[in-house]
Amino acid sequence: MSLPVDPPRQERGKVLVAGIGNIFLGDDGFGVETVRALTGRQLPPHVEAVDIGVRGVHLAYQVLDGYDTLILVDATARGEHPGTLYVIEYDSADAGEPHGVPLDGHRMTPDTVLALLGTLCATTGGQPPRRTLVVGCEPASVEEGIGLSPPVSAAVPEAVRLIEELLRADEPGESAPRATVGEAAK
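Residues numbered from 1 in each chain as written. Predicted model: local features only at pLDDT ≥ 70, side-chain atom pairs only at ≥ 80, totals over all residues. Heavy atoms only, no water.

### Quick word on the overall build of the protein
Right, on to step 1. Of the regular secondary structure elements, the protein holds four helices and five strands.
Right, on to step 2. Tracing the protein from N to C terminus, the helices and strands come up as β-α-β-α-β-β-α-β-α.
Right, on to step 3. Taken across its 186 residues, the protein has 45% of its residues classed as buried.
Right, on to step 4. For the protein, the proportion of contacts with a sequence separation of at least 24, taken over those separated by at least 6, is 80%.
Right, on to step 5. Summed over all atoms, the accessible surface of the protein reaches about 10300 Å², with 52% contributed by carbon and sulfur. (Helix = DSSP H or I, 4+ residues; strand = E, 2+ residues; numbered from the N terminus. Buried < 20%, exposed > 50% of the residue type's maximum accessible area, 1.4 Å probe, protein only. Contact = heavy atoms within 4.5 Å. Areas by Shrake-Rupley, 256 points an atom, 1.4 Å probe, with all protein chains shown as cover.)

See below:
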């Protein structure tokens, strides 16, 4: 009697989860705090979670190391209640021209980082990630001050769960939710 043979598993590409934000501007530190919480979890070997903070230029260069998927975690103001989480799939076709990217390494938004990445790939022959997602959280305040507001702080564990879900779904042919609204605000 022979045992059934499992089909060969497709090797997963490398995934970078990058926490973005300034911890000295209140809820802008959401991405950094979420990645800190995520690094305390058991991550698959193909996943790297890093605290980028305000070092956008470093993020652009790190992505050149060949990641299949990039997940940016950041405060994202979209007009909902503070603590609302979003998953946004970045479409590089809508990015426009990367010319004129300001290189203030401490004030680079995710859009600026992705535009710089496009320029770097064009000049180095590197490849951008196949897929880029933004896990965002509606901030209550991005004024000077250390620490997250209560609704944004309460959203961090839900964001970690959401990222873990995205990591499980990052298979060819799978799609991530476009947006999650109000999950953490409940």
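### Side note on the pairing of strand E1 (residues 15–20)
Regular strands show a simple pattern: their side chains alternate between the two faces of the sheet.
Right, on to step 1. Burial analysis of E1 places six of its six residues in the buried class, which makes it a mostly covered element.
Right, on to step 2. Both faces of E1 are covered, namely the face carrying Val15, Val17 and Gly19 and the face carrying Leu16, Ala18 and Ile20.
Right, on to step 3. The sheet contact formed by E1 and strand E2 (residues 47–53) spans six bridges and is parallel. Bridge pairing in E2 links Val15 to Val47.
Right, on to step 4. For the crossover that starts at E1, traverses helix H1 (residues 30–39) and ends in the parallel E2, the hand is right-handed. (Pairing = 2+ DSSP bridges. Right-handed = clockwise from strand over helix to strand, strands pointing away.)

### Observations regarding the sheet that holds strand E3 (residues 69–75)
Right, on to step 1. Spatial strand order, E2-E1-E3-E5-E4: five strands in an open sheet with mixed pairing. Two strands bound the open sheet, and with one partner strand each, they are E2 and strand E4 (85–90). With strand direction ignored, the average angle separating the axes of adjacent strands in the sheet is 20°.
Right, on to step 2. Judged from the six bridges that link them, E4 and strand E5 (residues 131–137) form a sheet pairing that is antiparallel. In the sheet register, Tyr90 faces E5, and the bridge partner there is Thr132.
Right, on to step 3. Its contacts with the sheet put helix H4 (residues 150–169) on E1, E2, E3, E4 and E5, and the angle it makes with E5 is roughly 160°. (Axes fitted to C-alpha atoms, helices over the stretch in contact; angles between N-to-C directions.)

### Quick look at the nonpolar core
Right, on to step 1. Ranked by internal contacts, the top residues of the largest apolar core, which has 24 residues, are Val17, Phe30, Ile71 and Leu167.
Right, on to step 2. Only E1, H1, E2, E3, E4, E5 and H4 provide two or more residues apiece to this core.
Right, on to step 3. Among the elements that make up this core, the one with the highest residue count is H4 (nine residues).
Right, on to step 4. Not counting chain neighbours up to four residues away, the residues in contact with Ile71 comprise Val15, Leu16, Val17, Ala18, Leu133, Val135, Leu166 and Leu167.
Right, on to step 5. Judged by nonpolar contacts, the second largest core, of 11 residues, contains Leu16, Ala18, Leu70 and Leu72. (Core = buried A, V, L, I, M, F, W, Y, C linked by side-chain atoms within 4.5 Å.)

### Thoughts on H4
Right, on to step 1. Between its first and last C-alpha, H4 extends 29 Å over 20 residues, near the 28 Å set by a 1.5 Å rise per residue.
Right, on to step 2. Taken as a whole, H4 carries its principal kink of about 30° at Val156; the proline Pro157 stands between one and four residues after it.
Right, on to step 3. The elements touched by buried residues of H4 are E1, H1, E2, E3, E4 and E5. (Expected span 1.5 Å × (residues − 1). Bend = angle between axes of the 7 residues up to and from the residue.)

### A closer look at the packing of aromatic side chains
Right, on to step 1. Evaluation of the coordinates by the stated rule reveals zero aromatic pairs.
Right, on to step 2. Geometry around Tyr67 places Lys14 over its ring, the cationic atom sitting 4.6 Å from the centre.
Right, on to step 3. Here the basic side chain of Arg78 rests over the ring of Tyr86, its NZ or CZ set 5.3 Å away from the ring centre. (Phe/Tyr/Trp six-rings, centres within 6.5 Å; stacked < 30°, edge-to-face > 60°. Lys NZ or Arg CZ within 6 Å of the ring centre and 35° of its normal.)

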